[in-house]
Amino acid sequence: MEEKLKEIYEKATDLFFGLTQKMDDLSEKIFEETGKKINIKLIVLGVVLAIFVIIFVKSFLGWLWTLL
């Protein structure tokens, strides 16, 4: 069981660091072409965080509504 968790953890970290590198490359390419620094990682992180907050609030309000 521990080996399986370790394997899943390694795959998740590889995927995360791969996506991070691609976002850095994209930010650098945009900077080279336009001369403007745009932090793609920050934009993507903000969108993902907003989606998680919306889902959490929706589920919390749904649970609260069932108590009423």
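A brief structural summary. Residue numbers run consecutively from 1 along every chain, following the written order of its sequence. Given that this is a predicted model, residues contribute local features only at a pLDDT of at least 70 and side-chain atom pairs are listed and counted only at 80 or more, while totals for whole chains, interfaces and linings are drawn from all residues. Based on all heavy atoms of the structure, the side-chain values leave hydrogens and waters out of the count.

A few words on helix 1 (residues 2–34). Along its 33 residues, helix 1 runs 48 Å from first to last C-alpha, staying within 8% of the 48 Å computed at 1.5 Å per residue. All of the buried residues in helix 1 are Thr20, Met23 and Ser27. Whether two residues are in contact is decided by their heavy atoms: any pair within 4.5 Å suffices. Here a helix means four or more residues in a row that DSSP labels H or I, a strand means two or more in a row labelled E, and each is numbered from the N terminus. Along its buried surface, helix 1 packs onto helix 2 (40–67). Directly beyond the C-terminal end of helix 1, a positive phi value near 85° is found at Gly35. Here a helix's expected span is defined as the number of its residues, less one, multiplied by 1.5 Å. Each residue is placed in one exposure class: buried if its accessible area under a 1.4 Å probe, protein chains only, is under 20% of its type's maximum, exposed if it is over 50%, and partly exposed if it falls in between.

Here Ser27 is to be found in helix 1. Classification of Ser27 as buried rests on a relative accessible area of 14%. Excluding residues within four positions of it along the chain, Ser27 makes contact with Ile38, Asn39 and Ile40.

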